[in-house]
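An overview of the molecular structure
In case you want the letters, here they are:
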Amino acid sequence: MRLFKTLKRMFRILFVPVREWHNIAGESEPLGSIIKYYVWPLIVLSAVVRVVSIYLDFTDNDDLAQFKIPFIFTMLLFNMLAPIFVILLGGLMIGKIGKSMGASTHHQSSYRLLIYSYTPLFFSTILINTGLNLQYLGLISIYSIVLFWLGIEPVLHLPSERKLGFLILSVMVLCFLFFVVTLFIRLAINLLYPEGVVLFL
């Protein structure tokens, strides 16, 4: 039952977003429930696909083979925690930006906007993590920005004349958070493992 509800939400936010954003705006589902049933399954699936890809591609070099299992578990941990960090901190920062620009909704609305507009990015990340070199795959991620734009007014009740500025600031915040997370992971892996292992990031 819950799986069907999640799949239904994914389908509607991807294919009938304008109508679905109005449905989302009228909901009162707790943030914890959204993360548990919508966000977490996609993050875990993406992380598992990533580590399976690393496992299959990992070198058979005797000097590096001993790091294979620890490295895989480290990457599993990072790939699960990084998106949660971006969503939680990003939602908080976007909410504060929205309030300063005249948003008049519940403080959790910014999290809903971010999470559901993140859906195409979840799927493109899963496909990227398979290791497939699919042309134009990055364009899927751009649809997340389109969804975010469509959801600003119904979800945050932000005045339409301030939508563009809000979108630009939000994208800048999220890009910065992604940069920080990526930098942290690379520095951590470089400190924990030898250079040959780092090539499998």
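In what follows, the accompanying structure is described. Since the model is a prediction, treat every value here as computed from it, not as a measurement.

About the criteria used
- Counting from 1, residues in each chain are numbered in the order their sequence is written.
- Reporting in this predicted model follows two pLDDT cut-offs: at least 70 for local features of residues, and 80 or more for side-chain atom pairs to be given and counted; totals over whole chains, interfaces and linings ignore these cut-offs and use all residues.
- Heavy atoms throughout the structure, all of them, feed into the side-chain values; hydrogens and water do not.
- What makes a salt bridge here is a side-chain nitrogen of Lys or Arg within 4 Å of a carboxyl oxygen of Asp or Glu, nothing more.
- Helix and strand assignments follow DSSP, with helices taken as H or I runs no shorter than four residues and strands as E runs no shorter than two, numbered in order from the N terminus.
- Only protein chains enter the area calculation, which uses a 1.4 Å probe; residues under 20% of their type maximum are buried, those over 50% are exposed, and those in between are partly exposed.
- In plain words, nonpolar cores are sets of buried Ala, Val, Leu, Ile, Met, Phe, Trp, Tyr and Cys residues tied together by side-chain atoms within 4.5 Å.
- In this description, contact between two residues means that some pair of their heavy atoms is separated by no more than 4.5 Å.
- Counting of polar contacts relies on pairs of N or O atoms within 3.5 Å, with two restrictions inside protein: one atom must be capable of donating a hydrogen and the other of accepting it, and residues adjacent in sequence are counted only when both atoms are side-chain atoms.
- Take the residue count of a helix, subtract one, and multiply by 1.5 Å to get its expected span.
- Aromatic contacts are taken between Phe, Tyr and Trp rings whose centres are within 6.5 Å, Trp giving its six-membered ring; a plane angle under 30 degrees counts as stacked, one over 60 as edge-to-face, and the others as tilted.

Scanning all chains against the criterion turns up 4 salt bridges. Two residues, Glu 29 and Arg 2, come together in a salt bridge whose shortest N-O distance is 2.6 Å. In this pair, Glu 29 sits in the loop between helix H2 (17–25) and helix H3 (31–57) while Arg 2 sits in helix H1 (residues 2–15), placing the two residues 27 residues apart along the sequence. Judged by its relative accessible area of 13%, Glu 29 falls in the buried class. Classification of Arg 2 by relative accessible area gives partly exposed; the value is 28%. Measuring nitrogen to oxygen at the nearest pair gives 2.4 Å for the salt bridge that ties Arg 9 to Glu 27. Of this pair, Arg 9 sits in helix H1 while Glu 27 is found in the loop between H2 and H3, placing the two residues 18 residues apart along the sequence. Three or more residues are tied together by salt bridges with common partners; here these are Arg 9, Glu 20 and Glu 27.

Look at His 157: it is not a glycine, yet its phi comes out positive at around 55°. With respect to the element layout, His 157 can be found in the loop between helix H8 (138–156) and helix H9 (163–192).

In this section: the nonpolar core. One finds Tyr 38, Val 39, Ile 115 and Phe 166 to be the most contacted residues of the largest nonpolar core, which totals 55 residues. Every element with two or more residues in this core is listed here: H1, H2, H3, helix H5 (68–100), helix H6 (109–117), helix H7 (119–129), H8 and H9. With 11 residues, H5 is the single largest residue contributor to this core. Those residues in contact with Phe 166 that sit more than four places away from it in its chain are Ile 94, Ile 97, Gly 98, Met 101, Leu 113, Phe 148, Ile 152, Leu 156 and Leu 158.

Here we come to the environment of Tyr 38. Following the sequence through the fold, Tyr 38 ends up in helix H3. C-alpha of Tyr 38 to C-alpha of Ile 115: the two residues are 77 residues apart in sequence and 8.6 Å apart in space. Discounting residues that sit within four places of it in the chain, Tyr 38 has contacts with Thr 6, Arg 9, Met 10, Ile 13, Ser 33, Ile 115, Tyr 116 and Thr 119. Among the polar contacts made by the side chain of Tyr 38, one reaches the side chain of Thr 119 at a distance of 2.6 Å.

What follows is about H5. The first and last C-alpha atoms of H5 sit 48 Å apart over 33 residues, in line with the 48 Å expected at 1.5 Å per residue. Downstream of H5 by one or two residues, Gly 102 has phi in the positive range, about 105°.

All right, on to the packing of aromatic side chains then. Applying the stated criterion across every chain yields a total of 8 aromatic pairs. Measuring from centroid to centroid gives 6.1 Å for Phe 67 and Tyr 193, while their planes differ by 90°, and the two rings are edge-to-face. You can see Phe 67 sitting in the loop between helix H4 (62–65) and H5 and its partner Tyr 193 sitting in the loop between H9 and helix H10 (195–198), a full 126 residues away along the chain. Centre to centre, the rings of Phe 71 and Tyr 193 are 5.4 Å apart; their planes meet at 85°, and the pair counts as edge-to-face. Taken together, the residues span a long stretch of sequence, with Phe 71 in helix H5 and Tyr 193 in the loop between H9 and H10 at a distance of 122 residues. Its relative accessible area of 0% is what places Phe 71 among the buried residues. Residue classification places Tyr 193 among the buried positions, given a relative accessible area of 10%. In textbook terms, an aromatic cluster arises when at least three aromatic residues are bridged by ring pairs, as seen for Phe 67, Phe 71 and Tyr 193.

Distances and angles like these do not, on their own, reveal function.
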